[in-house]
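Understanding the architecture of this molecule
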Number of protein chains: 2
Amino acid sequence: MTGRTASRGSYAKTAARRQEILEAAFAVFAERGYENGSLRDIADKVGISQGGILFHFGSKIDLLEAVLDLRDARSRELFTTRIADQEPGLPHLRALVDLVRDNVNEPGMIQLYTLLAAEGTAADHPAHAYFSGRYAWLVEQSHLSLLALRDQGLLRAGVEPGHAARSLVALLDGLQLQWLYRPTEIDMVGDLRTSIQQLISVPL
Amino acid sequence: MTGRTASRGSYAKTAARRQEILEAAFAVFAERGYENGSLRDIADKVGISQGGILFHFGSKIDLLEAVLDLRDARSRELFTTRIADQEPGLPHLRALVDLVRDNVNEPGMIQLYTLLAAEGTAADHPAHAYFSGRYAWLVEQSHLSLLALRDQGLLRAGVEPGHAARSLVALLDGLQLQWLYRPTEIDMVGDLRTSIQQLISVPL
C-alpha cells in the first residue's frame, strides 16, 4: 500500500481517507444495495473522484469486501469476547441476545445485511460466498451451543438441536426484516429472548 | 386499454403480450431486483422495445405492481381456498405448510419476494407500502389462528399467540433465505412443520 512507504503524516491521512470511504460505502450500500449503489454515489459523499476510490480500494468488489470484513470482524470480536472464559451453551445464547440489543441501535447495519443477504442469493453476486459461509457458521455455532445444553440436561423436552439452530438463525433474519418495516411494533430483543427461553428449562 | 376496443383477435394478442411481459419482468426482478433490473432487460427478453412495454404497463412501477398483484392474488386465492369451509386455527396453519410446500417448486418466486422485501425496507421504494401491508396481514392472520387455537385449548403451555405469530412469519422469511443459499441442506417444509407442532398439543 502506498501509505506504508510515505511519511507518518500522509499514512495517517491515507488511513483516515480509507475510513471515510468505508463509511460512505457502508451508507450507500445499506440504502441502495451493492448492485444499485454506485461508486459515483460513494465518491460524491466523500467529495473525491471515483478514481480516488479505486486508488484506495482497487475495485467496487474489493470495497464491498472491506465493508463486510470491517463489520464482521467487529461482530465476531464482540461475540467471542462476550463468551470467552465462560462455559459453552447458555452464555452463547445470551451473547446472541446482547448482539441483537446492540444492533437495534444500528439500523443502517441491519439494513445493509438484509439487503446484501438478499442480493447475495444470486450465485454470481460478489457477496454470495460470504453469506453462504456466514449462514453455515451462524447455524453451526448455535447448533454446538444447543448440543452442549442438551448434554447439560437444560433443553426442554422435544427440542431438537439441529432444527432449533436453523430456526434461531431464521428467526433473527425474519425479525430484522419485520422490524425494518415496523420498528415501533416489533421488539426484536424481547421476541428473541422469549423464543430462546422456550428452548431451555432454566431462566436465560 | 387499447385492446378493449380492438377486434377479438387483437385483444387476445394484447393479453398474451401482457402475460409475456409480466413473466419476463418477474424473471428479471427475481434475478436482479427491482432497482437494478431494467426495462431494457425485460424488453430484450420479450423481444420488443422499451416503448412497447410502456404501452402495455405505463411505467416500471406499474409493471412491478402488476407482477406483485399477480403473484399475491394467486397466493391469497390458494390460501383462502384451502381454508374455506374449515374451522379456523389448525386448518390455517396446515394451509401455511401447504403453501411453503408449493413454493419449494417456485424458487424464482421465493427469490423475487426475498429480494423485493429487502429492497422495499427503504421508505421510498415503490414496494414499501405493499410489503409493509403484507407483513401486517400475514402476522394478523397467524395471530387470529393462534388465538382460535388457544380458545380451543390446543396451544401448548407457555405459547403466547402474539409472539408465536410474529415468530412464525419471521421463521418463514428466514428459512427461505437460508434455503436460497443451501437448498440441499434446508428442509423448509420439515422445519416449519416441526416449529408449528411445537406450538400445539395435537398432531398438526
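Predicted model only: the values in this text are computed from it and were never measured. Sequence order sets the numbering: in each chain, residues are counted from 1 along the sequence as written. By the order in which they are written, chains take letters starting at A while ligands take numbers starting at 1. Given that the model is predicted, a residue must reach a pLDDT of at least 70 before its local features are reported, and side-chain atom pairs must reach 80 or more before they are shown or counted; all residues, however, enter totals for whole chains, interfaces and linings. As a convention, hydrogens and water are excluded, and side-chain values are obtained from all of the structure's heavy atoms.

Pairs of residues are marked as contacts when any of their non-hydrogen atoms sit within 4.5 Å. Taken together, the contact between chain A and chain B spans 40 residues of the former and 40 residues of the latter. Here chain A packs against chain B, burying approximately 3300 Å² in sum over the two surfaces, 59% of which is carbon and sulfur. Salt bridges are counted wherever a side-chain nitrogen of Lys or Arg sits within 4 Å of a carboxyl oxygen of Asp or Glu. For the salt bridge of R166 of chain B with D191 of chain A, the shortest nitrogen-to-oxygen distance reads 2.6 Å. In the analysis that follows, any N or O atom pair within 3.5 Å is treated as a polar contact, provided that within protein one partner can donate a hydrogen and the other can accept it, and provided that, for residues neighboring in sequence, both atoms belong to side chains. For the pair chain A and chain B, the interface holds 18 residue pairs in polar contact (both at pLDDT 80 or more). In DSSP terms, a helix is any run of H or I states spanning at least four residues, a strand is any run of E spanning at least two, and both are numbered starting from the N terminus. At the level of secondary structure, the elements contributing two or more residues to the side of chain A that touches chain B comprise α2 (8-36), α7 (107-119), α8 (128-151), α9 (161-181) and α10 (188-197) of chain A. Counting residues per element, the side of chain A that touches chain B draws most heavily on α9 of chain A, at 13 residues. Residue composition of the side of chain A that touches chain B, by class: 18 nonpolar, 15 polar and seven charged. Accessible area that two parts lose when put together, with a 1.4 Å probe and added across both, is what the buried area reports. Charged means Asp, Glu, Lys or Arg here, nonpolar means Ala, Val, Leu, Ile, Met, Phe, Trp, Tyr, Cys or Pro, and polar covers whatever is left, Gly included.

A separate point is the pattern of salt bridges. Residue and element names in this part refer to chain A. A full pass over the atoms with the stated rule returns 12 salt bridges over all chains. Here R32 and D41 are joined by a salt bridge, their closest N and O atoms 2.7 Å apart. Residues joined by salt bridges that share partners form a network here, namely E31, R32 and D41.

It is worth spelling out the relation of the copies chain A and chain B at this point. The copies are overlaid by a least-squares fit using only the C-alpha atoms of residues whose pLDDT is at least 70 in both copies. When chain A is fitted to chain B, the best match, at an RMSD of 0.0 Å, comes from turning it 180 degrees and sliding it 0.0 Å along the axis. The operation mapping one copy onto its partner corresponds to a two-fold rotation axis. Taken as a fraction of all interface residues of chain A, those also at the interface in chain B reach 100%, which identifies the copy contact as same-surface.

Here we take up the packing of aromatic side chains. Centres within 6.5 Å make a pair out of two Phe, Tyr or Trp rings, where for Trp the six-membered ring is used; the pair is then stacked when the planes are under 30 degrees apart, edge-to-face when over 60, and tilted otherwise. Across all of its chains, the model carries 10 aromatic pairs over all chains by this definition. The interplanar angle of 80 degrees and the centroid separation of 5.8 Å between the aromatic rings of Y113 of chain A and F131 of chain A together place this pair among those described as edge-to-face. Of this pair, Y113 of chain A sits in helix α7 while F131 of chain A is found in helix α8, placing the two residues 18 residues apart along the sequence. To sort residues, take the accessible area from a 1.4 Å probe on protein chains only and compare it with the maximum for the residue type: under 20% means buried, over 50% means exposed, and anything in between is partly exposed. Residue F131 of chain A is classed as buried on the basis of its relative accessible area, which comes to 0%. An aromatic cluster is present here, built from Y113, Y130, F131 and Y135 of chain A together with Y181 of chain B joined pairwise through their rings. The aromatic ring of Y34 of chain B is capped on one face by K60 of chain B, whose charged end is 4.4 Å from the ring centroid. Criterion for a charge above a ring: Lys NZ or Arg CZ within 6 Å of the ring centre, and within 35 degrees of the ring normal.

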